[in-house]
Amino acid sequence: MSLATRNGTGPVDAPVAPPRVVRQRRVRPGLLGLAVLLIALGGLGAAFAVTSVRATGSYLAVARPVEVGRTLDADDLVTVQVAGGQGLRPVPAGRLKDVVGKRAAVALTPGTLLTLGQLTDDPLLGPGQQQIALDLGHGQVPAKRLHPGDRVLLVSTPDRNASGQSAGGTRFEATVIDTATPETSKVVLYVALAARDVPAVVALAAQDRVAVVLTEAA
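Residues numbered from 1 in each chain as written. Predicted model: local features only at pLDDT ≥ 70, side-chain atom pairs only at ≥ 80, totals over all residues. Heavy atoms only, no water.

> Can you break down the overall build of the protein chain residue by residue, with the values?
Helix and strand content of the protein chain: three helices and eleven strands. Among the 218 residues that make up the protein chain, the fraction classed as buried is 26%. Partitioning the contacts of the protein chain with sequence separation of at least 6, the portion at a separation of at least 24 is 64%. Put simply, the protein chain shows about 15000 Å² of open surface, and 56% of that area lies on carbon and sulfur atoms. (Helix = DSSP H or I, 4+ residues; strand = E, 2+ residues; numbered from the N terminus. Buried < 20%, exposed > 50% of the residue type's maximum accessible area, 1.4 Å probe, protein only. Contact = heavy atoms within 4.5 Å. Areas by Shrake-Rupley, 256 points an atom, 1.4 Å probe, with all protein chains shown as cover.)

> Give a description of the environment of glycine 139 that names residues and reports values.
If you trace the backbone, glycine 139 turns up in the loop between β7 (129-137) and β8 (151-156). Under the relative-accessibility criterion, glycine 139 is labelled exposed at 81%. With 46 residues separating them along the chain, glycine 139 and serine 185 place their C-alpha atoms 9.7 Å apart.

> How would you summarise the sheet that holds β8 if you had to cite specific residues and measurements?
As summarised here, the arrangement of the five strands in space is β7-β10-β9-β8-β11, forming an open sheet in which the pairing is antiparallel. Strands at the two margins of the open sheet, each flanked by one partner only, are β7 and β11 (210-216). Each strand of the sheet is rotated relative to its neighbour by a mean of 40°, with strand direction disregarded. Sheet analysis places β8 next to strand β9 (residues 171-180), joined by five bridges and oriented antiparallel. Its bridge partner lying in β9, arginine 151 is registered against threonine 175. (Pairing = 2+ DSSP bridges. Axes fitted to C-alpha atoms, helices over the stretch in contact; angles between N-to-C directions.)

> How would you explain helix α3 (residues 198-206) if you had to name every residue and give the values?
Those residues of α3 that sit buried are Val198, Val201 and Leu204. When α3 is viewed along its axis, its buried side chains cluster within an angular range of 130° and face the same direction. Exposed residues on α3 whose side chains face more than 90 degrees from its buried face are Pro199 and Ala206. Check the buried side of α3 and you find it contacts β7, β8, β9, β10 (186-194) and β11. Backbone geometry just downstream of α3 places aspartate 208 in the positive-phi region, at approximately 60°. (Arc of directions from axis to C-beta.)

Given below as structure tokens:
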């Protein structure tokens, strides 16, 4: 490049500015990998939070012990909030009316989620069975408390007014349906037994000649 001078002298070469060099920033591979990792973790965290929120719902849980065979009522259950409950198949809280009145097919433990598989509509009375009530004293009950589904033997006791009574009593297999304790010293035991045995057991109970033996707990 040439420039003309004012005093008429010939042109002189003007200095040429050197080109400007722009320094490029060096990207550290470690920082780049860390940034990618943080972005990925953030995405996974957001997805997990969304999934958890979607999976949270109101379900029915057991509030107090329920024995096998007992009819479920609303006081036996409580509503709880559970995240991820779909995989457990618990009963939604909105189906309370659908489960009240059903029988417990298994013993229900307080604090556990209720499932439909734990309930049944089947009566404890089996084919060919009938239900009777036995009015017993506390000393005649073989356990502090009998539960629905317990298996018992009803054994005839000797007739004190008869002579030559055989020592061996007649036995009748039965299943406990329910128990009640009136405001007396008696215990009412409801049992199911074969229809053919009902007349004999009723006659023995009228004479206060029935002993109850627990053979298998539910």
